[in-house]
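Each chain, written out:
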Amino acid sequence: MNAADGERYSRQILFAGIGASGQEALGCSHVVIVGCGALGSFHAAALARAGVGRLTILDRDYVEPSNLQRQWLFEEADAEAALPKAVAAERRIAVINSGISARGIVADLTATNALRLLGDADLILDGSDNFETRYLINDFAVSRGMPWIYGAAVGSYGVTMPVIPGRTACLRCVYPDAPSNVQPTCETAGVLNAIVAAVAALQVADALKFLSGHADLVVGRITTLDVWQGGIRQIETPPPDPQCPCCGRREFVHLEESVREPVRMCGRNAVQIHDRERTIDLLELRSRLEPLGEVRASEFALRFVTGPYELTVFPDGRAIVKGVSDTGLARSLYARYVG
Ligand SMILES: [Zn+2]
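Residues numbered from 1 in each chain as written. Predicted model: local features only at pLDDT ≥ 70, side-chain atom pairs only at ≥ 80, totals over all residues. Heavy atoms only, no water.

## A short note on the packing of aromatic side chains
Next, step 1: The full count for this structure, using the stated rule, is seven aromatic pairs.
Next, step 2: A ring pair is formed by F131 and Y135, whose centres lie 5.5 Å apart and whose planes are at 55°; its orientation type is tilted. Of this pair, F131 and Y135 are both found in helix 8 (residues 131–144), four residues apart, which corresponds to roughly one turn of the helix.
Next, step 3: Here F131 falls in the buried class, since its relative accessible area comes to 14%.
Next, step 4: Judged by centre distance (6.1 Å) and plane angle (70°), the ring pair of Y150 and Y175 falls under edge-to-face. One end of the pair, Y150, is in strand 5 (residues 148–154); the other, Y175, is in the loop between helix 9 (171–174) and helix 10 (186–189), and 25 residues separate them in sequence.
Next, step 5: Of the aromatic side chains, those joined through ring pairs into one cluster are F131, Y135, W148, Y150 and Y175.
Next, step 6: One Lys or Arg, R134, reaches over the ring of F131 and ends 5.5 Å from the middle of that ring. (Phe/Tyr/Trp six-rings, centres within 6.5 Å; stacked < 30°, edge-to-face > 60°. Helix = DSSP H or I, 4+ residues; strand = E, 2+ residues; numbered from the N terminus. Buried < 20%, exposed > 50% of the residue type's maximum accessible area, 1.4 Å probe, protein only. Lys NZ or Arg CZ within 6 Å of the ring centre and 35° of its normal.)

## Let's talk about the pairing of strand 12 (residues 302–306)
Next, step 1: Judged by which residues are buried, strand 12 turns out to be one-sided: L302, F304 and T306 face inward and are buried, whereas R303 and V305, on the alternate face, are not.
Next, step 2: Sheet topology note: the strand 11 (residues 294–297)/strand 12 ladder contains four bridges and is antiparallel. The residue of strand 12 that forms the bridge with E294 is V305.
Next, step 3: The turn linking strand 11 back onto strand 12 is made up of four residues.
Next, step 4: Across five bridges, strand 12 lies against strand 13 (residues 309–313) in antiparallel orientation. By the bridge assignment, V305 is partnered in strand 13 with E310. (Pairing = 2+ DSSP bridges.)

## What to know about the coordination of the zinc ion
Next, step 1: All of the protein donors around the zinc ion are C170 (SG), C173 (SG), C244 (SG) and C247 (SG); their distances to the metal are 2.3 Å.
Next, step 2: Binding-site remark: the zinc ion is held by donors from one chain whose sequence spacing is C-x2-C-x70-C-x2-C. For the pair formed by C170 and C173, the shared burial category is buried. (Donors = N, O, S within 2.8 Å, 3.2 Å for Na, K, Ca; no water.)

## What about the pattern of salt bridges?
Next, step 1: Going through the model one piece at a time under the given rule, you end up with 15 salt bridges.
Next, step 2: The closest approach of N and O atoms between R134 and D126, which form a salt bridge, is 2.7 Å. Comparing R134 with D126, the two get one shared label, buried. (Salt bridge = Lys/Arg side-chain N within 4 Å of Asp/Glu carboxyl O.)

## Remarks on helix 3 (residues 19–27)
Next, step 1: Along helix 3, the residues that are buried comprise G19, G22, Q23 and L26. On an axial view of helix 3, the arc spanned by its buried residues comes to 100°, and they lie on one face.
Next, step 2: Elements in contact with the buried residues of helix 3: helix 2 (10–14), helix 4 (38–50) and helix 11 (193–211). (Arc of directions from axis to C-beta. Contact = heavy atoms within 4.5 Å.)

Spelled out as structure tokens, the structure:
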């Protein structure tokens, strides 16, 4: 380490848990951040400042004015230009720390590109907003023995859990299936920037432990916290479940390429989403979406218009997103409004 870096990271090196050897290890590490919204942009900024040598930032979305309240890396000009978040993040990280390598990739993580995008990570941080992506990360990480750290936040509530394959329970040990009912999202229930900072900070702390050579300090536990009602709760996760389809039976269904791909509808500016079967209560979804735009629902279909987009959602979880031809953007809209 040169003298300038010794000074730059001096307060972190002074911290006994990191030290000079931990700092060297961080500098040789590669972290992939999946999703660069509120959680992911905190991860990216914190890890860049901590001197993690290589960051890859994946995101499929564009900066919008409503992101600025909690998505730490972005500025008004990014929203005005509707820059891809991955591009805006890469630019901002380059200004925060020119001594590390940060690469933003505008992409929707799928079974098809998972190996290419995640393959040489030392650790994956979850900054995504949906269970499909998390199950894909979980399958990929467990199949390769790679650690990853789950995180989620909505309203004033958040949750995080590290997954160290071979040692701790995986996401499917704890949540065998995605929630089948309509879930609140940041678009429908709002979110405080304080909770995303709190969750992302816990994820970053576990990442720093792991990458600096203290993997043994990463404990398999679920932390839930609520910054409005108060209260932090930590429960140790059970040991890995031998019957877990992912880490027990090693059936990596989310890595099967046929499972997830949305389909562009020929001749129409629309994308069909049909990647998982779930039962959706359309009337409940209508009540969540009513404050946000024009919505109509029957027992057969719900139609919701927001800006230039129109979502038609069916009770089996399928949806048609009109006004887009980009499948990643369509999946992003689905995750935001349907959950
Ligand atoms: Zn498992």
